[in-house]
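Residue-level listing of the chains:
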Amino acid sequence: MTRDSLEATYRILDASANRAGEGLRTLEEWTRFGLDAAELTAEFKQIRHDVAAVLAQLPRQELLAARDTIGDVGTRLETSTEYQRATPQDVVQAGIARTGQSLRVIEEYLKTIDARLARIVEQARYRFYVVAAKLELLIVRSPLRDRIHNARLYLLIDAGSDIDTFESNVACMAQAGVDVFQLRDKRQTDRVLIDRARRATSIAHDFNALVLMNDRADLAMAAQCDGVHVGQDELPVELARKIVGDHRLVGLSTHQIDQAEDALKVGADYIGCGPVFPSSTKTFQQYAGLEYLRDVAKRIKIPAFAIGGIELTNLDEVLSTQVHRIAVTGVVRDADDPVQMVKWLREKLDAATGEEESR
Ligand SMILES: Cc1ncc(COP(=O)(O)OP(=O)(O)O)c(N)n1
Ligand SMILES: Cc1ncsc1CCOP(=O)(O)O
Ligand SMILES: [Mg+2]
């Protein structure tokens, strides 16, 4: 290689190493502070260190001597999208693209200097693609994720006595302010569940509400509803995700903080948190209680719905934990006027959300 070519190669390696380091750091900051995702943060950090260790094996003097930021024509070229970052998610997506490209550039030019070092960078690039895909899945903004994020009132319903009553119930509840329905009826046949979920989805969508299936990802797909809710001992979130895909929702029940932290790692879109209080719908030996909700509000970034025995009379206690989303059954099902009950719950939730936003 000529002296000029070698110098240009060092310039490329120096610039690309800086770009890769900055890109990895940008991603690391979001997994650390935006998502509290310790494993992803550690993986990005390790890749950053491994690439830096490779570059450290090149003659530093040569790299620095080749650096010419002022004379670099590239620093004067600006693309129209470079300053378009509406959200941190945009920053992350740009960071992923920039880092992948830089690692590839380093690898290619290193081949002309030291094939062994190039192979180490190639391995780092493959590891980067795996971890970047995990991160992208967490931040990808599907319309349903935005909607579960904005949801406050989640109602678990059974299949009802007949289809007409069921349909009119869904319409009334959605109109009164329910954001999300879950079809939970352990006594029904698959056929009934599929039919009810299909119809509920079609009605709920007219009111901008969502419908999820309890426990069964296969039935969620058969009914083409908005997702599935699974429990700790049921279909694992990763497998539910394989069945329903990235654009439908997967919710997970959690009862303690390590389960809530795991929910983020396995890619759940939201969590149910409870049981908070004794419930008339289901019996429990143990309660997660209000303390668990306080922990979740402080530490968990995905939407969290408090569940279990929530009534109008204890809703203030729930809201005081700073968890501002609830999932209910009995308080609505057993109310003298279920529609009125939904409206009251809605009012209280909206008031709490309004206070939060004005703080
Ligand atoms: C929103 C929401 N949160 C929690 C649960 C409870 O789910 P799970 O623990 O799987 O219990 P069953 O519903 O299967 O009895 C839920 N369904 N929804
Ligand atoms: C399915 C489920 N899991 C925890 S509580 C509950 C039932 C809904 O609770 P409630 O009827 O107490 O509002
Ligand atoms: Mg379940």
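In the annotation of an unreviewed UniProt entry, the chain is listed under the name Thiamine-phosphate synthase and assigned to Rubripirellula amarantea. A UniProt comment under Sequence similarities (unreviewed entry) is attached to the chain, and it reads "Belongs to the thiamine-phosphate synthase family."

Feature annotation in UniProt places "domain: Thiamine phosphate synthase/TenI" (unreviewed entry) on residues 153-329, given in this structure's numbering. Helix makes up 41% of residues 153-329 and strand 20%. Its end C-alpha atoms lie 11 Å apart.

By definition of the ideal shapes, four donors in a tetrahedron about a metal sit 109.5 degrees apart, and six donors in an octahedron sit 90 or 180 degrees apart. Looking at the magnesium ion (ligand 3), one finds its protein donor set to be Asp215 (OD), Glu234 (OE) and Glu234 (OE), positioned 2.0 to 2.3 Å from the metal centre. Taken together, the positions of Asp215 in the loop between strand E3 (210-214) and helix H9 (217-223) and Glu234 in the loop between strand E4 (227-230) and helix H10 (237-244) put the pair 19 residues apart, joining distant regions of the chain. Using a relative accessible area of 33% as the deciding quantity, one classes Glu234 as partly exposed.

Attention shifts here to the site of ligand 2. As a structural note, the neighbourhood of ligand 2 is formed by Leu156, Arg184, Ser279, Thr281, Phe284, Ile307, Gly308, Gly309, Val328, Thr329 and Gly330. Between ligand 2 and Ser279, the relevant distance is 2.7 Å, taken from an oxygen atom to a side-chain nitrogen or oxygen of the residue. One of the side-chain N or O atoms of Thr281 is found 2.3 Å from an oxygen atom in ligand 2. Of the residues that constitute the shell around ligand 2, the class distribution is 4 nonpolar, 6 polar and 1 charged.

In this section: the site of ligand 1. Neighbouring ligand 1 are 15 residues, the closest being Gln182, Arg184, Lys186, Ser253 and Lys282. Between ligand 1 and Lys186 there is a distance of 2.5 Å, counted from an oxygen atom to a side-chain nitrogen or oxygen. Contact between ligand 1 and Asp215: an oxygen atom at 3.1 Å from a side-chain N or O atom of the residue. Notes on ligand 1: free accessible area 430 Å², of which the protein chains cover 90%.

Counted under the stated rule, the structure contains 23 salt bridges. Of the charged contacts, one joins Asp215 and Lys186 as a salt bridge, the two residues approaching to 2.6 Å between their closest N and O atoms. Of this pair, Asp215 sits in the loop between E3 and H9 while Lys186 sits in the loop between strand E2 (180-183) and helix H8 (190-206); the two residues are 29 residues apart in sequence, bridging distant segments of the chain. Residue Arg199 pairs with Asp195 through a salt bridge whose shortest N-O separation is 3.3 Å. Of this pair, Arg199 and Asp195 both sit in helix H8, 4 residues apart, roughly one helical turn. Using a relative accessible area of 33% as the deciding quantity, one classes Arg199 as partly exposed. Through salt bridges with shared partners, a single ionic network connects Arg104, Glu108 and Lys111.

Here we take up the domain arrangement of the chain. The assigned domain composition of the chain is domain 1 (3-140) and domain 2 (143-358). The centre of domain 1, based on its C-alpha atoms, is set 41 Å off from the matching centre of domain 2. On the side of domain 2, 7 residues touch domain 1, which itself brings 9 residues to the contact. The largest per-residue losses of area from domain 1 upon contact with domain 2 belong to Asp36, Leu137 and Leu138, which jointly make up 50% of the total buried on that side. Between domain 1 and domain 2 we count 1 salt bridge in total. One salt bridge connects Asp36 with Lys301, and the closest N-O pair in it is separated by 3.3 Å. Summed over the shared surface of domain 1 and domain 2, the number is 3 residue pairs in polar contact (both at pLDDT 80 or more). Mapped by element, the contributors of at least two residues to the side of domain 1 that touches domain 2 are helix H1 (3-34) and helix H5 (115-139).

To continue, consider the environment of Ala220. Counting through the fold element by element, Ala220 comes out in helix H9. In this structure Ala220 comes out as buried when scored by relative accessible area, which is 0%. Taking the C-alpha atoms as reference points, Ala220 and Ala240, 20 residues apart in sequence, are found 10.0 Å from one another. With near-sequence residues (within four places) excluded, Ala220 lies in contact with Met213, Cys225, Gly227, Val228 and Val244.

Turning our eyes to something else, we now look at the packing of helix H4 (residues 88-110) against H5. At a minimum axis distance of 9 Å, the contact between H4 and H5 shows a crossing angle of 165°. Classified by the interaxial angle, the pair formed by H4 and H5 is roughly antiparallel. In the packing of H4 onto H5, the handedness of the crossing is left-handed. When H4 is examined against H5, the residues Gln89, Val92, Gln93, Ile96, Thr99, Gly100, Leu103, Arg104, Ile106, Glu107 and Leu110 are found in contact with a partner set consisting of Ala115, Leu117, Ala118, Val121, Glu122, Arg125, Phe128, Tyr129, Ala132, Leu135, Glu136 and Ile139.

Cut-offs applied
The residue numbering used here restarts from 1 in each chain and proceeds along that chain's sequence as written. Throughout, the order in which chains and ligands are written sets their labels, letters from A for the former and numbers from 1 for the latter. For a predicted model such as this one, the threshold for reporting local features is a pLDDT of at least 70, and the threshold for listing and counting side-chain atom pairs is 80 or more; totals across whole chains, interfaces and linings nevertheless cover every residue. Side-chain metrics rest on all non-hydrogen atoms present in the structure, leaving aside hydrogens and water. UniProt positions are given in the numbering used here, feature names are shortened, and annotations may be inferred rather than shown by experiment. A run of H or I in DSSP counts as a helix once it spans at least four residues, and a run of E counts as a strand once it spans at least two, with each numbered from the N terminus. Because water is not among the atoms used, a metal site may look incomplete, as its donors are only the N, O and S atoms within 2.8 Å, or 3.2 Å for Na, K and Ca. To sort residues, take the accessible area from a 1.4 Å probe on protein chains only and compare it with the maximum for the residue type: under 20% means buried, over 50% means exposed, and anything in between is partly exposed. The nearness test applies per residue and asks whether one of its heavy atoms lies within 4 Å of the molecule or strand. Here a polar contact means two N or O atoms within 3.5 Å. Within protein one must be a hydrogen donor candidate and the other an acceptor candidate, and residues neighboring in sequence count only if both atoms are side-chain atoms. Side-chain classes are defined by residue name, with Ala, Val, Leu, Ile, Met, Phe, Trp, Tyr, Cys and Pro counting as nonpolar, Asp, Glu, Lys and Arg as charged, and the others, Gly among them, as polar. Here the accessible surface of atoms and residues is derived via Shrake-Rupley with a 1.4 Å probe, and residues count as covered only by protein chains that are part of the display. Each salt bridge in this description consists of a side-chain nitrogen of Lys or Arg and a carboxyl oxygen of Asp or Glu lying within 4 Å of one another. An automatic or database domain assignment supplies the start and end points of every domain. Here a residue-residue contact requires only that any non-hydrogen atoms of the pair lie within 4.5 Å. Summed over both partners, the accessible area lost on bringing two parts together, with a 1.4 Å probe, is the buried area. Angles shown run from 0 to 180 degrees and are taken between the N-to-C directions of axes, each axis being a line fitted to C-alpha atoms and, for helices, limited to the stretch in contact. When describing relative orientation, an angle under 35 degrees is termed roughly parallel and one over 145 degrees roughly antiparallel, while 65 to 115 degrees is termed roughly perpendicular and anything else oblique. Here a crossing is taken to be left-handed if its near helix is turned anticlockwise relative to the far helix by less than a right angle, and right-handed if that turn runs clockwise.

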